[in-house]
Amino acid sequence: ESRLPDRRLLVIKTAERGVSANSFAVKPYAVLPDTGGNYHYLVGMSKRSDTREPYKPASFRISRILQVRPRLKSYASGKITQNELKNLKTALKKNGVQYLVGETSISRVNLSADGVKMFNSVLHMRPQPVSTVHLDDGSSILEFDCTEKQLSDYFFKFGSNARILAPD
């Protein structure tokens, strides 16, 4: 982990497929790779630049950043407070680098017996269950507190061996 030494508040513009560019105010923390080492992300505390909402942990894939510039005409600092740093590190540990953006929610997944075997062997991008109920037929119902994107990205490859019960 290499922390960024410059603590100026940044404004970045990002591009997503099929979505117009978005602008964010960012207090940079570090540039970090995802768990598979496929992409690098600018990680820090962020908010949409045109709002007064609080800063939240966020990550931006480097390849999707269109523009980075220091924020001018602002009295705000790019320094991350101790409380923000604690929240950021907790979010990194819980969600991983690539899933910092997005609201987490409680999700339930029903795994067949084969799905349980897959879950125990496929560790890449796996969300951590907060509870597990083992059923008599070898299947399990697992509960997660993660983003919907992480849930769908991970369980997509399970096919019919995973059924997402909640959220709809």
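Located above this text is the structure these notes cover.
So, a few notes on the structure that sits alongside this text. (Residues numbered from 1 in each chain as written. Predicted model: local features only at pLDDT ≥ 70, side-chain atom pairs only at ≥ 80, totals over all residues. Heavy atoms only, no water.)

It is worth spelling out helix α2 (residues 113-121) at this point. Here α2 has its buried residues at G115, V116 and F119. Axial view of α2: buried residues confined to an arc of 105 degrees, hence all on one face. Of the exposed residues in α2, those oriented more than 90 degrees away from the buried face are K117, N120 and S121. Those residues of α2 that are buried lie in contact with β7 (104-111), β8 (129-134), β9 (140-147) and α3 (148-155). (Buried < 20%, exposed > 50% of the residue type's maximum accessible area, 1.4 Å probe, protein only. Helix = DSSP H or I, 4+ residues; strand = E, 2+ residues; numbered from the N terminus. Arc of directions from axis to C-beta. Contact = heavy atoms within 4.5 Å.)

This part covers the pattern of salt bridges. Here the idea is simple: oppositely charged side chains can pair when their charged atoms come close. Summed over all chains, the structure comprises 3 salt bridges. Across the pair E84 and K27 runs a salt bridge whose closest N-O atoms are separated by 3.1 Å. One end of the pair, E84, is in helix α1 (residues 82-95); the other, K27, is in strand β3 (residues 19-33), and 57 residues separate them in sequence. In this structure, E84 and K27 share a single accessibility class: buried. (Salt bridge = Lys/Arg side-chain N within 4 Å of Asp/Glu carboxyl O.)

Roughly 1,100 Å³ of internal volume is contained in the largest pocket. If you go around the largest pocket, you meet 37 residues; those closest to its centre are S59, Q98, L100, V101 and G102. The set of elements that each furnish at least two residues to the lining of the largest pocket consists of β2 (10-16), β3, β4 (40-48), β5 (56-61), α1 and α3. Ranked by the residues each element gives to the lining of the largest pocket, the list is headed by β5, at 6 residues. Its residues assigned to classes, the lining of the largest pocket comprises 12 nonpolar, 12 polar and 13 charged. (1 Å grid on protein atoms, 1.4 Å probe; cavity = no way out; pocket = protein on both sides within 12 Å on 5 of 7 lines; lining within 4 Å. Points joined across faces, edges and corners; volume = space filled by probe spheres on them. Nonpolar A, V, L, I, M, F, W, Y, C, P; charged D, E, K, R; others polar.)

By the bridge criterion, 8 bridges tie β7 to β9 in an arrangement that is antiparallel. Bridging across to β9, R108 finds its partner in E143. Here β7 pairs with strand β10 (residues 162-166) via 4 bridges, running antiparallel. Looking at β10, one finds that R108 is bridged to A166. (Pairing = 2+ DSSP bridges.)

The next subject is the nonpolar core. Side chains of a nonpolar character, in soluble globular proteins, are inclined to be buried together. Y29, V43, L88 and L92 are the most contacted members of the largest nonpolar core, which totals 16 residues. Of all the elements in the fold, those that place two or more residues in this core are β3, β4 and α1. Ignoring any residue separated from it by four or fewer positions in sequence, one finds L88 in contact with Y29, V43, G44, M45, P57, I80 and L100. Within the second largest apolar cluster, 12 residues are counted, among which are V109, V116, C146 and F155. (Core = buried A, V, L, I, M, F, W, Y, C linked by side-chain atoms within 4.5 Å.)

A few words on the side chain of S107. Following the sequence through the fold, S107 ends up in strand β7. For S107, a relative accessible area of 0% puts it in the buried group. Apart from residues no more than four positions distant in its own chain, S107 is found in contact with L142, E143, F144, L151, A166 and P167.

Nothing here speaks to function; it is geometry throughout.
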